[in-house]
Amino acid sequence: MRWRVTALAGLAALLVFGPAARAHHSNSSYQVDEIITLTGTVREWRWSNPHTWLIMSVIGADGVETEWAVEGRAPGILGRAGWDPKILEPGELVTVHASPSKDGSKVGIIARVTKADGTILSNRPNFFD
């Protein structure tokens, strides 16, 4: 009897929390079929779980400065791709290729980052090196 109660409780938790967990880890809020290029200055690099964040200032064609928040993959994944907590420093000039938010806000998800010295930071490990 106790086994049945435990199994039912586990199934109920899976049914209640499963869709939310799956939705959280999707890219459904981004236009993943589109890549934009943002060139600007790093304001902040957040090396945190479950996602890293690059906050940057971008000067638009109209001369207006805007703040962008660009989501990165988890630190564990980026660490295996060569990133670390100090790889991006405030004031550093970067070019970010990202998929923009579907709602038009100044938010995106990183495809790759190119540093001023030409270093390209991929968003996934290369397991074939």
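If you're wondering where the values come from, they're calculated on a predicted model, not measured in any experiment.

Definitions and limits used
- Per chain, residues are indexed from 1 in the order of the written sequence.
- Residue-level local features of this predicted model are given only where pLDDT is at least 70; pairs of side-chain atoms are given and counted only at 80 or more, and the full residue set underlies all totals for whole chains, interfaces and linings.
- The basis for every side-chain value is the complete set of heavy atoms in the structure, and neither hydrogens nor water enter the calculation.
- Only runs of H or I of at least four residues qualify as helices and only runs of E of at least two qualify as strands under DSSP, and these elements are numbered from the N terminus.
- Working definition: with a 1.4 Å probe on protein chains only, accessible area under 20% of the residue-type maximum means buried, over 50% means exposed, and in between means partly exposed.
- Areas reported as accessible are Shrake-Rupley estimates using a 1.4 Å probe. Residue values count occlusion only from the protein chains shown.
- Each reported salt bridge corresponds to a side-chain nitrogen of Lys or Arg within 4 Å of a carboxyl oxygen of Asp or Glu.
- pLDDT expresses how confident the predictor is about each individual residue, on a scale running from 0 to 100.
- Contact between two residues is taken to exist if any of their heavy atoms lie within 4.5 Å; hydrogens are not considered.
- Aromatic contacts are taken between Phe, Tyr and Trp rings whose centres are within 6.5 Å, Trp giving its six-membered ring; a plane angle under 30 degrees counts as stacked, one over 60 as edge-to-face, and the others as tilted.
- Joining through side-chain atoms within 4.5 Å is the link that ties buried Ala, Val, Leu, Ile, Met, Phe, Trp, Tyr and Cys residues into a set, and such a set is a nonpolar core.
- Note: two strands are recorded as paired if DSSP finds a minimum of 2 bridges between them.

When its secondary structure is counted, the chain shows two helices and six strands. If you list the helices and strands of the chain from N to C, you get α-β-β-β-α-β-β-β. Counting the 129 residues in the chain, one finds 31% classified as buried. On the chain, roughly 8,400 Å² of surface is accessible, and the fraction owed to carbon and sulfur atoms is 58%.

For the rest of this paragraph, the subject is the pattern of salt bridges. Between side chains of opposite charge, pairing is possible as soon as their charged atoms come close. One pass over the full model with this rule turns up four salt bridges. Notably, a salt bridge pairs E65 with R43, separated by 3.3 Å at the nearest N-O pair. Here R43 lies in strand β1 (residues 36-46) and E65 lies in strand β3 (residues 65-71), a separation of 22 residues in the sequence. Under the relative-accessibility criterion, E65 is labelled partly exposed at 46%. One salt-bridge network, in which partners are shared between bridges, spans R43, E65 and E67.

Turning next to the confidence of the model for the chain. Across the chain, pLDDT averages 85, with 77% of residues at or above 70. For the chain, helix α1 (residues 2-24) is the element with the lowest average pLDDT, namely 53, and β1 is the one with the highest, namely 98. Taken as a whole, residues 18-23 scores under 50 in pLDDT and shows two contacts with residues more than four places along the chain or in a different chain.

One pass over the full model with this rule turns up two aromatic pairs. Relative to W47, the ring of W45 has its centre 6.1 Å away and its plane inclined at 55°; by these criteria the two rings are tilted. Taking the relative accessible area as the measure of exposure, W47 reaches 28% and is therefore partly exposed. Within the aromatic cluster, the residues linked to one another by ring pairs are W45, W47 and W83.

Okay, the nonpolar core next. Membership of the largest hydrophobic core comes to 19 residues, with the highest contact counts inside it found for L54, M56, V70, L88 and V96. Those elements that place two or more of their residues in this core are β1, β2 (53-59), β3, β4 (93-100) and β5 (107-115). The dominant element in this core, judged by the number of residues it contributes, is β1, at four residues.

Before going further, it helps to spend a moment on the environment of A111. Looking at where A111 falls in the secondary structure, it is placed in strand β5. Sequence separation between A111 and V96 is 15 residues; the distance between their C-alpha atoms is 7.6 Å. Leaving out residues up to four positions away in the same chain, A111 has contacts with I35, H97, A98 and N123.

The next thing to look at is unusual backbone geometry. Backbone torsion omega between N49 and P50 reads 5°, so that peptide bond is classified as cis. Position of P50 among the secondary structure elements: in the loop between β1 and β2.

Moving on, we get to the pairing of β3. The pairing of β2 with β3 spans seven bridges and is classified as antiparallel. Paired with S57 across the bridge in β3 is E67. The pairing of β3 with β5 spans three bridges and is parallel. Considered in β5, the bridge of A69 is made with V107.

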